Amino acid sequence: DGGITQSPKYLFRKEGQNVTLSCEQNLNHDAMYWYRQDPGQGLRLIYYSQIVNDFQKGDIAEGYSVSREKKESFPLTVTSAQKNPTAFYLCASSIVSGTESTDTQYFGPGTRLTVL
Amino acid sequence: AQSVTQLGSHVSVSEGALVLLRCNYSSSVPPYLFWYVQYPNQGLQLLLKYTSAATLVKGINGFEAEFKKSETSFHLTKPSAHMSDAAEYFCAVSPSINDMRFGAGTRLTVKP
């Protein structure tokens, strides 16, 4: 089955530690995204990538880093510089058709990060 | 910048009643509009998408939404609510690729 997987489902981190969230897709999508979700605030874009070895900052990139070494994978690292990292993190992907001004984003199941 | 406003953070309906979730967008040109549904501790699932082909868009699970340019609205409706519809619903606008703006979400509760 094609889809997006995120692991782990739940993650606990001690303050001051870096942690990496995994996102893998087998949809052959070119673009991948990371969002942060907080209660009552909707989704906010952290980083996105349209192509391997290239990525762009979103609205709230501070304290986060990403890499895109393979088309299928877009891991997110939450660094100790992120002041309030406890949140639900969602990964998404989309094709880049070039024929529409936008393409539908498909989401993974999410990772809930809790900082202790 | 384009934005989305969802009126009502929480909507409660009885099973079998009409569901109406409101979404207004700010845009000077017709954007691409989406409705997503999220069940607890899960990712977002696409319900439907407006791409200017038709103003009334039919989605999954019996939901539909109507694009009204004069009202800058894209409200989501379902004629008869089912218990399984209880979830959080997000309206989103996308003026261009890699730029999707989400509303704050509306939590739908369905009473038996």
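Trainee: Honestly, the nonpolar core in this entry has me stumped. Any pointers?
Mentor: Among soluble globular proteins, nonpolar side chains are generally buried collectively. In this structure, Trp 35, Leu 47, Leu 48, Phe 74, Leu 76 and Tyr 89 of chain B are the most contacted members of the largest nonpolar core, which totals 26 residues. Apart from residues lying up to four places away in sequence, Tyr 89 of chain B is in contact with Gln 6, Leu 21, Trp 35, Tyr 36, Val 37, Leu 47, Phe 63, Leu 76, Gly 105, Thr 106 and Leu 108 of chain B.

Trainee: For this particular structure, what's the right way to read the layout of surface pockets?
Mentor: Picture a little ball the size of a water molecule; that probe, rolled over the atoms, points out where space is still empty. When its volume is computed, the largest pocket comes out at roughly 310 Å³. Taken together, 20 residues form the lining of the largest pocket, with Gln 37 and Arg 112 of chain A together with Gln 38, Glu 88 and Arg 107 of chain B sitting closest to its centre. Counting residues per element, the ones that place at least two in the lining of the largest pocket are β9 (87–94) of chain A together with β9 (87–96) of chain B. Across the lining of the largest pocket, the residue classes break down as 7 nonpolar, 9 polar and 4 charged. Lining the second largest pocket are Arg 36, Arg 44, Ile 60, Glu 62, Tyr 64, Ala 81, Gln 82, Lys 83 and Asn 84 of chain A. Here the lining of the second largest pocket is composed, by residue class, of 3 nonpolar, 2 polar and 4 charged.

Trainee: Is there a simple way to explain the interface of chain A and chain B in this structure?
Mentor: Of the residues lining the interface, 28 residues belong to chain A; the matching set on chain B comes to 21 residues. Taken together, both faces of the contact between chain A and chain B bury some 2000 Å²; the carbon and sulfur share is 50%. At the surface where chain A touches chain B, the tally comes to 1 salt bridge. A salt bridge links Asp 59 of chain A to Arg 101 of chain B; the shortest N-O distance between them is 2.9 Å. For the side of chain A that touches chain B, the secondary-structure elements that each account for two or more residues are β4 (31–37), β5 (43–51) and β9 of chain A.

Trainee: Help me understand the pairing of strand β6 (residues 54–57) of chain A, please; the structure alone is not making it clear to me.
Mentor: Residue and element names in this part refer to chain A. Looking at chain direction, β5 and β6 are connected through 3 bridges and run antiparallel. Paired with Tyr 48 across the strands is Gln 56, a residue of β6. Between β5 and β6, which follow one another and run antiparallel, lie 2 residues, and Asn 53 among them has a positive phi close to 65°.

Trainee: Explain the state of the cysteines here, please?
Mentor: Covalent bonding between the sulfur atoms of two cysteines defines a disulfide. Evaluation of the coordinates by the stated rule reveals 2 disulfides over all chains. Each sulfur in the disulfide pair Cys 23 of chain A and Cys 91 of chain A lies 1.9 Å from the other. Where Cys 23 of chain A bonds to Cys 91 of chain A through sulfur, the torsion about that S-S bond is close to -75°, and the disulfide is left-handed. Placement of the pair is Cys 23 of chain A in strand β3 (residues 19–25) and Cys 91 of chain A in strand β9, with a sequence separation of 68 residues. Cys 91 of chain A shares its class with Cys 23 of chain A; the two are buried. With its sulfur 1.9 Å from that of its partner, Cys 23 of chain B forms a disulfide with Cys 91 of chain B.

Trainee: Explain the confidence of the model for chain A here, please?
Mentor: Low pLDDT means the predicted atomic positions in that stretch should not be read closely. Confidence in the prediction for chain A averages 91 pLDDT; 93% of positions are at 70 or higher. Per-element confidence in chain A ranges from a low mean pLDDT of 92 for strand β2 (residues 10–13) of chain A to a high of 97 for strand β7 (residues 64–66) of chain A.

Trainee: For this particular structure, what's the right way to read the confidence of the model for chain B?
Mentor: Chain-level pLDDT for chain B is 91 on average; 94% of the residues reach the 70-or-more range. When pLDDT is averaged over each element of chain B, strand β2 (residues 10–14) of chain B comes out on top at 97 and strand β10 (residues 99–102) of chain B at the bottom at 86.

Trainee: Can you help me understand unusual backbone geometry in this one?
Mentor: Apart from glycine, the bulk of residues carry a negative phi angle, and the bulk of peptide bonds sit in the trans form. All names here are of chain A. Omega for the bond connecting Ser 7 with Pro 8 falls within 30 degrees of zero, at -10°, which places this linkage in the cis form. Mapped onto the elements of the fold, Pro 8 is located in the loop between β1 (4–7) and β2. In this structure, Asn 28 is a non-glycine residue whose phi angle is positive, near 60°. The residue Asn 28 is located in the loop between β3 and β4 in this model. Look at Asn 28 and you get exposed, because its relative accessible area is 55%.

Trainee: Just to check I follow, could you spell out the environment of Gly 105 of chain B for this structure?
Mentor: Residues and elements named next belong to chain B. Here Gly 105 shows up in the loop between β10 and β11 (106–111). Accessibility expressed as a relative area gives 5% for Gly 105, which makes it buried. As for Gly 105 and Ser 9, which are separated by 96 residues in sequence, their C-alpha atoms are 6.3 Å apart.

The rules behind these values
Residues numbered from 1 in each chain as written. Chains lettered and ligands numbered in written order. Predicted model: local features only at pLDDT ≥ 70, side-chain atom pairs only at ≥ 80, totals over all residues. Heavy atoms only, no water. Core = buried A, V, L, I, M, F, W, Y, C linked by side-chain atoms within 4.5 Å. Buried < 20%, exposed > 50% of the residue type's maximum accessible area, 1.4 Å probe, protein only. Contact = heavy atoms within 4.5 Å. 1 Å grid on protein atoms, 1.4 Å probe; cavity = no way out; pocket = protein on both sides within 12 Å on 5 of 7 lines; lining within 4 Å. Points joined across faces, edges and corners; volume = space filled by probe spheres on them. Helix = DSSP H or I, 4+ residues; strand = E, 2+ residues; numbered from the N terminus. Nonpolar A, V, L, I, M, F, W, Y, C, P; charged D, E, K, R; others polar. Buried area = accessible area lost by both parts, 1.4 Å probe. Salt bridge = Lys/Arg side-chain N within 4 Å of Asp/Glu carboxyl O. Pairing = 2+ DSSP bridges. Disulfide = S-S within 2.5 Å. pLDDT = per-residue confidence, 0-100.

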